[in-house]
Amino acid sequence: RSGTNAIKAATYYNLTAANVSVKRLTGATTVLGDLSIIDAASFDLDGNLLSLHGDVINNSTSTGNTLDDTGAGTLSMVGSASQTIGGTTAGSYRLRNMTINKSVGDVVLNDPLEVGGTLTMTSGKIITDATNLLTMWLNANFAGGNPTSFVDGPVEKRTNNADFTYAIGKGT
């Protein structure tokens, strides 16, 4: 259906946003598999927590932000293997908050990702490169980080000339 559709707060195995519409979470949601965004759909956390154990797969033809958060929600990457954010079409991902708390593996960016609130690094790395860049917005901040949880690759900070601490580097 076109327009805006609510996604019930629940636990799903896989979750697919499809058709010409914005899919909005209505509460804390867990996806044990992949979040797929297809057709001309987009996905909005809408201020809620999304705990994702699989990949973000963007195959949407939408020209806007295909993964977005219009509130103060959090995408929490919690899978027990490496996870990716990307797909067959170059996506636009703009999150308010993101947490990396993985028991095993890393999060690999296959598309650029922007964080406007807090990036919390508890366990696991974010792998970036010059094309698939992590960008921290003007008022964004960083929490956590340790020798096994950091950004491995380039990070951009849109600055207001304030101090900013990055968790980048190697554990050894």
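For the structure itself, look to the data block above.
Residues numbered from 1 in each chain as written. Predicted model: local features only at pLDDT ≥ 70, side-chain atom pairs only at ≥ 80, totals over all residues. Heavy atoms only, no water.

Chemist: Looking at this model, I keep getting lost on the overall build of the chain. Mind explaining?
Modeler: Per the secondary structure count, the chain includes zero helices and 22 strands. A buried classification covers 44% of the 172 residues belonging to the chain. When contacts within the chain are restricted to residue pairs at least 6 apart in sequence, long-range pairs at least 24 apart make up 33% of them. When the accessible surface of the chain is summed, it comes to about 7,700 Å², and 50% of that surface belongs to carbon and sulfur atoms. (Helix = DSSP H or I, 4+ residues; strand = E, 2+ residues; numbered from the N terminus. Buried < 20%, exposed > 50% of the residue type's maximum accessible area, 1.4 Å probe, protein only. Contact = heavy atoms within 4.5 Å. Areas by Shrake-Rupley, 256 points an atom, 1.4 Å probe, with all protein chains shown as cover.)

Chemist: So what exactly am I meant to see when it comes to the sheet that holds strand β18 (residues 126–127) here?
Modeler: Think of a sheet as strands paired side by side through backbone hydrogen bonds, with each pair either parallel or antiparallel. The strand order β3-β6-β9-β12-β15-β18-β21 describes an open sheet built from seven strands, whose pairing is parallel. Here the strands that pair on one side only, and so sit at the sheet edges, are β3 (15–17) and β21 (151–152). Pairing geometry for strand β6 (residues 35–37) and strand β9 (residues 56–58), over three bridges, is parallel. In the sheet register, Ile37 faces β9, and the bridge partner there is Asn58. (Pairing = 2+ DSSP bridges.)

Chemist: How do you make sense of the packing of aromatic side chains when you look at a structure like this?
Modeler: Where two aromatic rings form a pair, the distance of their centres and the angle of their planes describe that pair. By the definition in use, this model includes zero aromatic pairs. Its guanidinium or amino end placed over the ring of Trp137, Arg158 lies 4.4 Å from that ring's centre, counting from NZ or CZ. (Phe/Tyr/Trp six-rings, centres within 6.5 Å; stacked < 30°, edge-to-face > 60°. Lys NZ or Arg CZ within 6 Å of the ring centre and 35° of its normal.)

Chemist: Explanation requested: the sheet that holds strand β5 (residues 29–31) in the structure shown.
Modeler: Here we have seven strands laid out as an open sheet, ordered β2-β5-β8-β11-β14-β17-β20, and parallel in their pairing. The sheet is open, and its two borders are formed by β2 (11–12) and β20 (141–144), each paired with just one other strand. Examined bridge by bridge, strand β17 (residues 118–123) and β20 share four bridges and lie parallel to one another. In the strand pairing of β20, Thr120 is matched with Ala143.

Chemist: What am I meant to see in the side chain of Thr74 here?
Modeler: Assignment of secondary structure puts Thr74 in strand β11 (residues 74–77). With relative accessibility at 18%, the residue Thr74 sits in the buried group. Once residues within four sequence positions are removed from consideration, Thr74 is found in contact with Leu45, Asn48, Leu49, Leu50, Asp69, Asn97, Met98 and Thr99.

Chemist: What am I meant to see in the side chain of Asn5 here?
Modeler: Relative to the elements of secondary structure, Asn5 occurs in strand β1 (residues 3–7). You can call Asn5 buried: its relative accessible area is 10%. If we ignore the near neighbours within four places in the chain, the residues touching Asn5 are Ser21, Val22, Lys23 and Arg24.

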